[in-house]
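# Report on the structure
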Amino acid sequence: MIIQLKRDRTMGLRFKKGDSVEIIGNIPFPLLEKTKPLLGKITTIDGAYILVRPKYQRWEAEFYPGEIKHFIK
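Residues numbered from 1 in each chain as written. Predicted model: local features only at pLDDT ≥ 70, side-chain atom pairs only at ≥ 80, totals over all residues. Heavy atoms only, no water.

## Observations concerning the pattern of salt bridges
Threshold: Salt bridges are counted wherever a side-chain nitrogen of Lys or Arg sits within 4 Å of a carboxyl oxygen of Asp or Glu. Counting from the N terminus, the helices are the DSSP runs of H or I reaching at least four residues and the strands are the DSSP runs of E reaching at least two. For every residue, the accessible area obtained with a 1.4 Å probe (protein chains only) is divided by the maximum for its type, and the residue is called buried under 20%, exposed over 50%, and partly exposed between those limits.
Within this structure, the stated rule accounts for one salt bridge. A salt bridge links glutamate 22 to lysine 69, with the nearest nitrogen and oxygen atoms 3.9 Å apart. With a gap of 47 residues between them, glutamate 22 in strand β1 (residues 20-23) and lysine 69 in strand β5 (residues 68-70) connect regions that are remote in the sequence. Residue classification places glutamate 22 among the buried positions, given a relative accessible area of 18%. The class for lysine 69 is partly exposed, based on a relative accessible area of 42%.

Written out as structure tokens, the structure is:
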């Protein structure tokens, strides 16, 4: 018996508010000399834009879904 699982388009990689993420593309200027990995938390999702507050920073940066990835501890 073969069971076929239904996959959604994003393969289960949807971002949610509060997720821990790693910044992998379009790194903001103040973070260029920081040690890697650059981590942050998602604060808001506005359509295609995802606002992330980098760890130990007081400001937020805008990213597209392809510029960040989930960080698993």
